[in-house]
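# Residue-level structural notes
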Amino acid sequence: MNITIIGGGLAGASIGYHLVKMGHTVTIYDREDKGQATFASAGIVCPWISQRRNKKWYRLVTASARYYPDFIRTLESETDMSTGYKNSGAICLFKPDIFDKATKRISDKAIGHPEVGQVRQLTREELSELHPSLTTKYPALIVEGGGQVRGLKLLQAIKTAFIKHGGHWKQESYEGSDDDSFKIYTTGAWGSEQDYQPKIAHQRAEIMHFKLLNQKTVQSPVVMALGPTYIVHLEDDNYVIGTTHIDTDSFDTSPTEESRAYLTEELYKYFKPEDVEITKMGVGLKPYTRDYLPFIGYADKNTFIVNGMGSTGLTASPFVGLEVAKLINNQQTELDLNDYSYIEPQT
Ligand SMILES: Cc1cc2nc3c(=O)[nH]c(=O)nc-3n(C[C@H](O)[C@H](O)[C@H](O)COP(=O)(O)OP(=O)(O)OC[C@H]3O[C@@H](n4cnc5c(N)ncnc54)[C@H](O)[C@@H]3O)c2cc1C
């Protein structure tokens, strides 16, 4: 088939990569909007901690996490590029009164799922060894199957492999065409420019970059701290803490003082002020739908939409790319993708 993908963030690039490997002729248009979620993200691949009860979402993100190691191995061997993916576990911090209950809840999820790895409570000494400057005030466990990936690095590797396999990448805005190619829209927050349902909204997510001073360099696992806060080690002494989640109609991507103040306060819960140096802020626009599930489905017989990847799009996009490519290629998908066709929530 002749396929045009509009939007070359992680969702569009992952679909294009799998389709081109199946032998289709694929062109991706990407206009690199400021605020591209993939560009701003530095993220966690560890879906087993969440208390979110939505089963469809859970099926999607856990199948995605399972797919990651193989996907990365193939991609890195095809491109010789690093994706920043590290499968070095995730440290999770809890308030003392819920620690044992949370340990049981997460351990139960590991039963029959080897990809979760061991779930184990850490002593203070073990925690300090893994993350020397992190507070030991909160009880911690490690989920050994947890990982991290750099959105931008991963995207660059997928784009390189896509082009290597014969895909065409156009760094420009798609302004419509009258060719008869099959269209796939993966336009992220800018999905609101299209008339298709479902309506796409977005959240502004800010992260703060910082350096950890005065510590020996170790490759620390990601930290899922209290509430929605997380801390990711990028490289050397560079880290990020995130994120804010602010519903907005604006496409302004300048950092705000409020977010900086909020994230600074979060940062000082976990590190001593004298151990950190704040370096910069990053802002991305996370696309979502009203039911907070990705939308994966046809708008009409020649147009397909994948959007609303939300806060777990780094985790889900490679697998969604594979599944959508299979669907379009008339192959059996692992999940029932009808689960991700939009249903208007009851108000
Ligand atoms: C700060 C932050 C932290 C995050 N952390 C995590 C995490 O820890 N774990 C996790 O799993 N996920 C995380 N995410 C979520 C994840 O990054 C997103 O869900 C994912 O990157 C969305 O990808 P996308 O391709 O749908 O959208 P985007 O990456 O935004 O890409 C959309 C692209 O479409 C292009 N486009 C739009 N319209 C057109 C047009 N008409 N013509 C051409 N191009 C067009 C835009 O320019 C843009 O490049 C995080 C996101 C942010 C912002």
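Please read all numbers here as calculations on a predicted model, not as lab measurements.

## So, the site of the ligand
The ligand sits among 36 residues. The nearest are Asp30, Asp33, Thr38, Gly310 and Thr315. Between Ala37 and the ligand, the recorded distance is 2.9 Å, taken from a backbone N or O atom to an oxygen atom. In the model, a nitrogen atom of the ligand is placed 2.9 Å from a nitrogen or oxygen of the Ser311 main chain. Calculation on the ligand without its partners gives an accessible area of 1000 Å², and the protein chains cover 98% of this total. Among the elements of the structure, α1 (10-21), α2 (37-40), β3 (42-45), β10 (201-212), β15 (276-288) and α8 (313-328) are those that each provide at least two residues to the shell around the ligand. When residues of the shell around the ligand are assigned to their parent elements, the largest contribution, three residues, is made by α8. When the residues that make up the shell around the ligand are grouped by side-chain class, the tally is 13 nonpolar, 17 polar and six charged.

## Notes on the environment of Trp190
For Trp190, the position within the fold is in the loop between β9 (182-185) and β10. Spatially, the C-alpha atom of Trp190 lies 23 Å from that of His18, the residues being 172 residues apart in sequence.

## Quick notes on the environment of Pro255
Note on placement: Pro255 falls in the loop between β14 (246-248) and α7 (257-270). In the structure, Pro255 is positioned 221 residues away from Lys34 in sequence and 12 Å away in space, judged by C-alpha atoms. The residues touching Pro255, leaving out its near neighbours within four places in the chain, are Arg204, Glu206, Met281 and Val283.

## Some points on the packing of helix α3 (residues 55-79) against α8
Between α3 and α8, the shortest axis-to-axis distance is 8 Å and the interhelical angle comes to 80°. Between α3 and α8, the angle falls in the class roughly perpendicular. Contact residues: α3 offers Leu60, Val61, Ala63, Ser64, Ala65, Tyr67, Tyr68 and Phe71, while α8 offers Leu314, Thr315, Ala316, Pro318, Phe319, Val320 and Leu322. Here the contact of α3 with α8 is composed, by residue class, of 13 nonpolar, two polar and no charged.

## Details of the state of the cysteines
Here, disulfide denotes a covalent bond that connects the sulfur atoms of two cysteines. Per the counting criterion, the structure on display carries zero disulfides. Free of any disulfide, Cys46 has its nearest cysteine sulfur in Cys92, 5.6 Å distant. When its relative accessible area of 6% is taken as the criterion, Cys46 is described as buried.

## As for the pattern of salt bridges
If you walk through the whole model with that rule in mind, you get 15 salt bridges. Between Asp179 and Lys183 there is a salt bridge whose closest N-O contact spans 3.1 Å. Taking relative accessible area as the criterion, Asp179 reaches 37% and is therefore assigned partly exposed. Owing to a relative accessible area of 8%, Lys183 belongs among the buried residues under this scheme. A salt bridge links Glu266 to Lys269; its shortest N-O distance comes to 2.7 Å. Taken together, the residues Glu266 and Lys269, both in helix α7 and three residues apart, mark about one turn of the helix. In this structure Glu266 comes out as buried when scored by relative accessible area, which is 7%.

How each quantity is defined
Residues numbered from 1 in each chain as written. Predicted model: local features only at pLDDT ≥ 70, side-chain atom pairs only at ≥ 80, totals over all residues. Heavy atoms only, no water. Near = heavy atom within 4 Å. Polar contact = N/O pair within 3.5 Å; in protein donor to acceptor, adjacent residues only side chain to side chain. Areas by Shrake-Rupley, 256 points an atom, 1.4 Å probe, with all protein chains shown as cover. Helix = DSSP H or I, 4+ residues; strand = E, 2+ residues; numbered from the N terminus. Nonpolar A, V, L, I, M, F, W, Y, C, P; charged D, E, K, R; others polar. Contact = heavy atoms within 4.5 Å. Axes fitted to C-alpha atoms, helices over the stretch in contact; angles between N-to-C directions. Parallel < 35°, antiparallel > 145°, perpendicular 65-115°, else oblique. Disulfide = S-S within 2.5 Å. Buried < 20%, exposed > 50% of the residue type's maximum accessible area, 1.4 Å probe, protein only. Salt bridge = Lys/Arg side-chain N within 4 Å of Asp/Glu carboxyl O.

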